[in-house]
Amino acid sequence: MKRIVSTFLAYTVLFAVLFVGVQSLSAQETFPASTGEVANKKPECYALTNVRIVVSPTSTIESGTIVIREGIIESVGAKITIPPDAVVYDLKGKVVYPSFIEMDSDYGMPVAPPALVPTGRRVAGASAPQYDSQTQGAYSWNESLKPEKQASAVFIANPKAADELRRLGFGATLSFQHDGIARGAAAFVSLGDGKENTLIFKDRAAAELSLNRGTSRQEYPGSLMGVLALLRQTYLDGAWYKQARAQEPLKTETNLSLEAWNALQTLPQIMDVSGNRLNAFRADRVGDEAGVQYILRTYGDEYAYIEDVKKTQAPIITSLNFPLAYNLDDPLDALNVTLMELKNWELAPTNPAALEKAGVPFALTSAGLRAKADFMPNLRTAIKYGLSKQQALASLTTIPAQLLKMSDKIGTIEKGKVANLLVASGDIFEAETTIFHNWVQGKLYELANPANGDLRGTYTLSLTGVGDYTLTVKGTVSAPQTELVQANDTVKIPLTLDRTGGGNLLTLRFAKKSGVKGEMALTGWIDSKTNGDTWSGKGQDETGIWLAWSAKRTKAFEAPAPKPDTTNPLAKLGKRSFPPVEYGFTALPKQETVLIKNATLWTAEKDGILKNTDIVLKGGKIAAIGKNLTEAGATVIDGTGKHVSPGIIDEHSHIALQAINESGQTITCEVREGDVINPEDINIYRQLAGGVTTSHLLHGSANSIGGQTQLIKLRWGLSGEQLKFEGAPGFVKFALGENVKQANWGDSYTVRFPQTRMGVEQVMTDAFTRAREYEAEWKNFSAAKNPGVAPRRDLELDALVEIINSKRFITCHSYVQSEITMLMRVTEQFGFRVNTFTHILEGYKVADKMKAHGANASSFADWWAYKMEVAD
């Protein structure tokens, strides 16, 4: 016999009865019934009918039926035959949407210890430097690499956290442990109740990575460029290990981390770059080198580089964590707020719309919000700032499902998919809309008091022995506004509608200013059989006499036509700037043809200084120098009384970098300063003002053999990649002296080799010896007819081989004459030369040796006597 439930009220009672049945249905066969429990195999079937169904962001059924059986959508459509065993819910006037999908969550995960943050040369929370992994077992050499971790293995359902996410509209979430660079496999799980084995949709749904080393206590990597280098090396190690284990298993070590890493490569690869908006491009380049397309988990400020974001071709998971307005009442606070911060406050709400306009596929996450309750208000703000509702729904349903390769199982309301559904009073993205229920795996979860749903409308209220009134209920579903007018009268009597009693209990309270004597209240019940159209009960007048009353809805609520938005924020937005910081351009400058007339030219060549001379700049180069030059279409600048010289080249600079030292190891020539260029550094602008046009960005002096350098042109306003000087030869920063042997690092730093100047020489000699052996190994492999497994690629040794072969050059931090001489002698043993000694404060003592060696010198303008080795 079909059992019909015509109102929302019956949900609560009905599910109290049927809950055990639903639980039994969702339990797997491998779990036996508990002792004394009667197994209930009765299949449960539900039909949601007479409802507007938003099947997907692009498809809607205006009035239809959804049939759910055992947690799966059995059928959906406008003309569906309701099965005879179905429990029917008449949802007339309601709208059903697919439940949302959360793409970034630690739901169900164990609480991880706080991440350790590098602070200068120390690591917060670490008592002494740790150079080797303390992870026990046949795992990675680096604690920040944890690809063997599986979220499904530690997942434990959390009813409180699940309820919080369900109330935001989510029905499923991608869960993983937010710890490390390689974070292992995420699990795609349901936000329902029950045993964990019934809640895991997919145990290996995505591979999770980040540019944050997490809780690792190892010194390496201690910088962003170290993290990127470690990622590169791990991709190479994974490929080598796979081949070596297949061809020579007895000769190859067992590395469970690399085995797990390789197994993850077939999954969607989600890279968290939310720490810095420039990290998206850094990570994407590493992915491109490895042949991997990342899904980028960003922060929410992609609008600043939207064209470059699109070029990555990466899908995005972005935040709705919009900045709060700054309190600028205090003049000092006002001074400390940067223009970049103010522009981000202004433009961050436009970020989802900017992604949509650019055609970048993106999902929205509630992660990173100051409070979970901010999610829907911030989403509505994004819509107000240009995000379409269709895109908003897609970013919460179909796009997450596509990214996780789960579109055949979830994300839309279609036959055969999981019954994850939201029942709402109207357009889910409008502020006045109430989400009544979230169905998860075919189980109903009540989010708001659903009894009789929407009570708004016009009623005839009758007080026995007193008369009839017109009762009007307006406002929103969750916050109704009520007033009463006596028949044949125009005086409006305000009153409140109180639903705090729960269920279908209702109280109408007359306000003191209503004109009704005493504090009259009418208490009664909503008739569940009439879909909330009739109410009845009793009340007491000011004399204490009890009165019967009833109310009948005579007219449905009609929402007033929306008023034009006269406060459209889009009309008041400022322009983007390039770069998005102080002194940025509102439009990038274009290359021009320029004619400078009658200037004094300092050629820095044999021609010397040329007075009253013209110069033509065309296509970015000097096209002509001479007298009385003309150039059609050129911008003419009068250079009379002015001087023109070559731009200053700063051979030793640390500007425009977001990492300078990778001090986690004594040799780090695998790291690249080119990975961490910061095109937003105000020093680019300032140095341009001082005449600098080209800078050689060096690694710091924390280790004997540091990182690869980067030559840049100071193209203010362009991206980090566009700053790079095309075709420039590569360099590596070497260092000598106190910094390298950690003389001034504190008492804890006494264990890393080298600790003496003699040790520095040994480090360099050993490094080049290993590089020669490595080069020979590759040559032998290439020459062999049946070479077998290729040698393991080592990015550190690759750079050293390039130096030996003069394809990459050395620029060396130096002070003391003995060490300057030492390094020249070491390199001469291996057949190459030091290109540049920087600082070189005692270079005058060995100038003859430097000339014979062929070394150049790059010195300070003025910086002496700040430590012992620079006292001379």
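Structure shown above.
Cut-offs applied
- Residues numbered from 1 in each chain as written.
- Predicted model: local features only at pLDDT ≥ 70, side-chain atom pairs only at ≥ 80, totals over all residues.
- Heavy atoms only, no water.
- Buried < 20%, exposed > 50% of the residue type's maximum accessible area, 1.4 Å probe, protein only.
- Helix = DSSP H or I, 4+ residues; strand = E, 2+ residues; numbered from the N terminus.
- Contact = heavy atoms within 4.5 Å.
- Pairing = 2+ DSSP bridges.
- Axes fitted to C-alpha atoms, helices over the stretch in contact; angles between N-to-C directions.

Caption draft 1: Representation of helix α11 (residues 351-358) in the model. Of all the eight residues making up α11, six are buried; the element is thus mostly covered by neighbouring parts of the structure. Among all positions of α11, only N351, P352, A353, A354, L355 and A358 are buried. Where α11 is buried, its residues touch α8 (306-311), β15 (316-319), α10 (339-347), β16 (362-365) and α12 (375-384). One or two steps after α11, the chain reaches G359, where phi turns positive at roughly 80°.

Caption draft 2: Quick look at the sheet that holds strand β34 (residues 692-697). Strand order across the open sheet formed by three strands is β33-β34-β36, with mixed pairing between neighbours. In the strand order of this sheet, the two ends are held by β33 (648-653) and β36 (710-713), each with one partner. Looking at each pair of strands side by side, their axes are set apart by 20° on average, direction ignored. Of the strand pairs in this sheet, β34 and β36 are connected by four bridges, and their pairing is antiparallel. Across the sheet, the residue bridging to H696 is L711, located in β36.

Caption draft 3: Quick peek at unusual backbone geometry. Of note, the bond from Y220 into P221 is cis; its omega dihedral lies within 30 degrees of zero at -5°. The topology assignment puts P221 in the loop between β12 (200-210) and α5 (224-247). Cis geometry marks the peptide bond from F753 to P754, where omega comes out at 5°. Tracing the sequence through the fold places P754 in the loop between β37 (730-735) and α17 (757-783). With a phi close to 60°, N598 is a non-glycine residue in the positive phi region. By the secondary structure assignment, N598 is in strand β28 (residues 594-602). Positive phi, normally seen in glycine, also occurs at Q742, with a value near 60°. Here Q742 shows up in the loop between β37 and α17.

Just distances and angles here, no functional claims.
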